[in-house]
Amino acid sequence: MTSPNNSHKKTSHENSETDKNTPEKQNSLLAGIIERATKSGIGRKKLNPSAVESAVAKNMADIHSNPTKLRLAFLGGGSFGTAMANLAARNGCDTTLWVRNKRTVKAMAKTQTNKKYLPGYKLDDRLKYSHDLAASVKDKDIIFIAVPGLAFRETLKSIAPFISGQSIVSLTKGMEKDTFAMMSDIIKEVLPEVNFGVMSGPNLAIEIMKNMPSATVIASESEPLRHAVQAALHSAFFRVFASDDVKGVELGGALKNIYAIAMGMAAAYDVGENTKAMILTRALAEMSRFGVEAGANPLTFLGLSGVGDLYATCSSELSRNYRIGNMLGRGMSIDAAVKKLGQTAEGVNTIQQVHEKATKDGIYMPITHALYAVIYEDKAALGVALHLMEAGFRSDVEFVMAHDHSNAALTAQMKTSSDSTDDESGDTDSK
């Protein structure tokens with residue numbers, strides 16, 4: 001396996017020359033992109049925007065005129081994985097959607113619909129279906145992984161024997177339970193030589209299936225991989241933007257689920273627009289604080305994978321995490337809410353992971369801490385919300401002005417206030 005990211009082993013030029021000399025890569029779109037990138041200067045730190053635009057446009061035209069040029073596998077038959085696979089097939093890519101269950105695969109191939117996750121939406125005639133994992137990933141250019149976070153590591157281990165140069169792109173938003181590993185961290189651990197990227201943005205699958213104008217971000221250190229994903233998925237109704245901040249894009253997609261749960265709970269209490277705006281902006285502050293501590297660029301959170309995804313997820317009842325929060329706000333237990341949803345809501349696990357990480361590293365995350373108290377410590381939601389309003393003073397925009405009090409002091413104040421209220425009320429408030 002080779003990786004353009006390992007610059008200490010080979011330069012991008014050396015990698016492109018190697019690819020060109022490999023017979024099976026002659027018809028690969030990735031090889032063509034790398035070759036064009038080398039000739040035009042794309043891939044160097046100082047990019048020529050016109051050259052980039054021309055290269056992407058040519059790549060897209062090549063795909064549409066020759067569907068066999070880019071070979072893609074999408075692992076995971078949930079709503080988003082299916083929507084992206086359908087989009088790629090519609091763009092003319094040789095696309096296979098892998099689903100674990102053989103019966104489900106037969107049903108999808110027969111009806112050309114995903115009855116469980118996208119009922120009523122016909123999938124493209126050219127989309128292929130498979131339950132054979134090895135056959136699905138062999139000889140592909142890019143493997144998109146769209147399985148739940150809990151299954152991500154195991155999926156990578158399962159495909160490892162069949163990896164021979166394919167690139168990996170994660171569509172999974174969240175963090176691994178108990179390790180705090182992002183999906184990119186797991187890729188680097190399980191498949192250290194593979195070329196990889198992550199994709200995130202305000203991407204509600206049903207809206208994409210309805211051809212409502214949408215956009216996403218592909219983040220990778222590899223310029224050729226970014227171009228390949230843009231060429232494969234970019235369409236009249238779906239724009240694909242690029243970033244090299246893998247950590248920032250990935251954290252935006254994971255952290256926003258926390259605040260979608262908070263917004264769903266707030267909606268259950270019939271809050272006003274002022275409250276919703278406050279939650280959104282303070283959520284963005286928390287996300288950027290946490291991101292900077294993890295090595296991300298805070299400006300990334302002002303883009304599609306940050307504020308864009310945050311807004312979409314926090315304002316739509318199509319969001320799984322929003323619906324979980326709304327059920328919690330109406331008094332349902334977390335177990336009952338998850339069972340009723342019937343799908344994975346990554347935010348529930350992310351709250352626990354981020355709460356523990358932020359507490360350990362001293363990152364001030366009041367909304368996250370409050371949600372943890374409600375979900376995992378059985379605190380009264382309304383009481384916790386009131387304590388948030390009383391918890392000290394902060395500057396408005398992060399990294400612009402110093403705060404009046406330290407994070408430790410604010411955290412201690414909120415905890416003291418919460419404990420005293422619990423003693424007075426006996427925890428009898430409605431959850």
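Residues numbered from 1 in each chain as written. Predicted model: local features only at pLDDT ≥ 70, side-chain atom pairs only at ≥ 80, totals over all residues. Heavy atoms only, no water.

Overview of the overall build of the protein
Thinking step 1. Looking only at helices and strands, the protein features 19 helices and 8 strands.
Thinking step 2. Taking the contacts inside the protein whose residues are at least 6 apart along the sequence as the reference set, 70% of them involve residues at least 24 apart. (Helix = DSSP H or I, 4+ residues; strand = E, 2+ residues; numbered from the N terminus. Contact = heavy atoms within 4.5 Å.)

Quick word on the pairing of strand 6 (residues 196–200)
Thinking step 1. Where burial is concerned, most of strand 6 is hidden: 5 out of the 5 residues are buried.
Thinking step 2. Taking every second residue as pointing to the same face, both faces of strand 6 are buried, with Phe196, Val198 and Ser200 on one and Gly197 and Met199 on the other.
Thinking step 3. Relative to strand 6, strand 5 (residues 167–170) runs parallel, the two being bridged by 3 bridges. Pairing of serine 170 across the sheet is with valine 198, part of strand 6.
Thinking step 4. Once the chain exits strand 5 it traverses helix 8 (residues 183–190) before rejoining the sheet at strand 6, and the crossover so formed is right-handed. (Buried < 20%, exposed > 50% of the residue type's maximum accessible area, 1.4 Å probe, protein only. Pairing = 2+ DSSP bridges. Right-handed = clockwise from strand over helix to strand, strands pointing away.)

Quick look at the packing of helix 11 (residues 246–268) against helix 13 (residues 304–315)
Thinking step 1. Orientation of helix 11 relative to helix 13, taken along the N-to-C sense of each, is 30 degrees, at an axis distance of 8 Å. Classed by the angle they form, the pair helix 11 and helix 13 counts as roughly parallel. Pair helix 11 / helix 13 crosses with right-handed handedness. Along its contact with helix 11, which presents Val249, Gly252, Gly253, Lys256, Asn257, Tyr259, Ala260 and Met263, the element helix 13 presents Ser305, Asp309, Leu310, Thr313 and Cys314.
Thinking step 2. When its residues are assigned to classes, the contact of helix 11 with helix 13 shows 6 nonpolar, 5 polar and 2 charged. (Axes fitted to C-alpha atoms, helices over the stretch in contact; angles between N-to-C directions. Parallel < 35°, antiparallel > 145°, perpendicular 65-115°, else oblique. Left-handed = near helix turned anticlockwise from the far one by under 90°. Nonpolar A, V, L, I, M, F, W, Y, C, P; charged D, E, K, R; others polar.)

Here's the deal with the environment of alanine 385
Thinking step 1. Among the secondary structure elements, alanine 385 is positioned in helix 18 (residues 381–390).
Thinking step 2. With a relative accessible area of 35%, alanine 385 lands in the partly exposed category.
Thinking step 3. Separated by 15 residues in the primary sequence, alanine 385 and alanine 370 place their C-alpha atoms 7.4 Å from one another.

Regarding the packing of aromatic side chains
Thinking step 1. Here the structure, examined in full by the defined rule, presents 3 aromatic pairs.
Thinking step 2. Relative to phenylalanine 144, the ring of phenylalanine 74 has its centre 4.4 Å away and its plane inclined at 5 degrees; by these criteria the two rings are stacked. Note that phenylalanine 74 is positioned in strand 1 (residues 71–75) and phenylalanine 144 in strand 4 (residues 142–145), a separation of 70 residues in sequence.
Thinking step 3. We classify phenylalanine 74 as buried; its relative accessible area is 1%.
Thinking step 4. The interplanar angle of 70 degrees and the centroid separation of 5.6 Å between the aromatic rings of phenylalanine 180 and phenylalanine 290 together place this pair among those described as edge-to-face. One end of the pair, phenylalanine 180, is in the loop between strand 5 and helix 8; the other, phenylalanine 290, is in helix 12 (residues 273–293), with 110 residues separating them in the sequence.
Thinking step 5. Judged by its relative accessible area of 2%, phenylalanine 290 is buried. (Phe/Tyr/Trp six-rings, centres within 6.5 Å; stacked < 30°, edge-to-face > 60°.)

Some points on empty space enclosed by the protein
It is the rolling of a water-molecule-sized probe over the atoms that shows where space remains empty.
Thinking step 1. Summed over the entire model, instances satisfying the criterion amount to 3 cavities of 30 Å³ or more.
Thinking step 2. Approximately 50 Å³ is the volume found for the second largest cavity.
Thinking step 3. If you trace the second largest cavity, you find it lined by Ser170, Thr172, Lys173, Gly174, Val198, Met199, Ser200, Val249, Glu250 and Ala254.
Thinking step 4. Contributing elements (two or more residues each) for the lining of the second largest cavity: strand 6 and helix 11.
Thinking step 5. Classifying every residue of the lining of the second largest cavity gives 4 nonpolar, 4 polar and 2 charged. (1 Å grid on protein atoms, 1.4 Å probe; cavity = no way out; pocket = protein on both sides within 12 Å on 5 of 7 lines; lining within 4 Å. Points joined across faces, edges and corners; volume = space filled by probe spheres on them.)

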